[in-house]
Every structure is written in structure tokens, then in C-alpha cells.
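# Descriptive structure summary
Each chain, written out:
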Amino acid sequence: MSAELTLLFLEKRVEAARLCASITEPYATGSEPITPQQLADDYEQVCKELDAVYDELKKLNDSLMKDKTLEAGDIRHIRGRVATAVGEVARAAQDMAAQIRFFEAMNPGDAATTKPALEHFDRIDRGTREFTVPDEPEDGAELAPAEDTGLAKEEDVDPMMM
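The following paragraphs examine the structure supplied in this document. (Residues numbered from 1 in each chain as written. Predicted model: local features only at pLDDT ≥ 70, side-chain atom pairs only at ≥ 80, totals over all residues. Heavy atoms only, no water.)

The next point concerns the packing of aromatic side chains. Per the stated rule, a full pass over the model turns up two aromatic pairs. On the numbers, 6.3 Å between centres and 85° between planes, the contact of Tyr 43 with Phe 121 is edge-to-face. In this pair, Tyr 43 sits in helix H2 (residues 36-63) while Phe 121 sits in helix H4 (residues 111-129), placing the two residues 78 residues apart along the sequence. (Phe/Tyr/Trp six-rings, centres within 6.5 Å; stacked < 30°, edge-to-face > 60°. Helix = DSSP H or I, 4+ residues; strand = E, 2+ residues; numbered from the N terminus.)

So this is what it looks like as C-alpha cells:
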């Protein structure tokens, strides 16, 4: 599967995890009733998905240089999208962690139930901070053809038109 197609599926999985925050919010805030264990299970499912997506994004980023079918510009483009997706993973983890903190503040007796998910989201968030995408082109990568720049040659330019 091409890198761009793989990345598209990963981006959609991150988007789905972000949407889970809007689904779980009424339960975390107490406006909808739910058992603490059921909420903790939902959070754990989102944790697993975010973890899996983040791991796959790291693998994709690392494999880009090994893919000989991609040009330097394509690699830069995909790496930019990977960096954006990793940022979305971080935001999703932060959103879910904030919900858990609110739930724990409102339900101190049930805080132990959701604490493992909170720690998991915090680990994901910390991991995304360590993720880096190189901005510069790889050594030997040509940014533009050296011969054909698209500009008129000096001898073809009329000095009167300058």
C-alpha cells in the first residue's frame, strides 16, 4: 500500500479518536449517567487506538526514506502530514486526559477506576513530544532541476525590457 494511502487511513483513525472525546464528554461531566468501569473501558479502548495509530505513524515516518518510489518533495509532503497527524494524536490524548481529570474531580471515590487510562493518555502525550520530523531535505536530494529553472537565459533577455 502506498505511503499516502496508509497515511490517509491513519489520519482518519486519529479523527475518529478525536470524535470519541465528544461522545464521552457528557458521561465524564456527569450530564449522562454511566458506571465508572464502563467509562474507564471506553477510555482504555481509545487509548489502545491512539497508541496503535501513533506507533504506525512512527513506522511510516521511518520507512519513508527506504521507499525508492517517492521523490524528495513527496517525502517532505508526507512528513508534514505525519507531523500534523502526530499533533492530532497529542490533542486527542490531552482532550481525553482533561475529561478524566474532570471526572475524577467530580467523583473522587471513582478516581482509581479511571486512573490507568489517565496515565496511558499522559504517556501518549509525552511520547508525541519526543517525535520529530526532519525539515531539511536529505543529503543529495535535488530540490529542482539544475539545468532547467524555468527562467529565461541571459542571452535570451532583451536588455531594453529590463
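Next comes the rest of the account.
Between its first and last C-alpha, H2 extends 40 Å over 28 residues, near the 40 Å set by a 1.5 Å rise per residue. Regarding H2, the residues found buried are Leu 39, Ala 40, Tyr 43, Val 46, Cys 47, Leu 50, Val 53, Tyr 54, Leu 57, Leu 60 and Asn 61. Its buried side turned inward, H2 meets helix H1 (3-29), helix H3 (72-106) and H4. (Expected span 1.5 Å × (residues − 1). Buried < 20%, exposed > 50% of the residue type's maximum accessible area, 1.4 Å probe, protein only. Contact = heavy atoms within 4.5 Å.)

On to the nonpolar core, then. Within the largest apolar cluster, 35 residues are counted, with the highest numbers of intra-cluster contacts made by Tyr 43, Leu 50, Leu 57, Val 82, Val 89 and Phe 121. When residues of this core are traced back to their parent elements, those giving at least two are H1, H2, H3 and H4. Broken down by element, the residue count for this core peaks at twelve residues, all from H3. Once residues within four sequence positions are removed from consideration, Val 82 is found in contact with Leu 7, Leu 57, Leu 60, Asn 61 and Phe 131. (Core = buried A, V, L, I, M, F, W, Y, C linked by side-chain atoms within 4.5 Å.)

The subject of this paragraph is the environment of Thr 113. Of note, Thr 113 is situated in helix H4. The class of Thr 113 is partly exposed, set by a relative accessible area of 26%. The spatial distance from the C-alpha of Thr 113 to the C-alpha of Pro 36 is 6.5 Å, given a sequence separation of 77 residues.

A full pass over the atoms with the stated rule returns eleven salt bridges. Taking the shortest distance from any N to any O, the salt bridge between Arg 81 and Glu 11 comes out at 3.0 Å. With Arg 81 in helix H3 and Glu 11 in helix H1, this pair connects stretches of sequence that are 70 residues apart. As a salt-bridge pair, Asp 122 and Arg 101 come within 3.1 Å of each other at their nearest N and O atoms. (Salt bridge = Lys/Arg side-chain N within 4 Å of Asp/Glu carboxyl O.)

Note that all results are geometric; they support no functional claim without further evidence.
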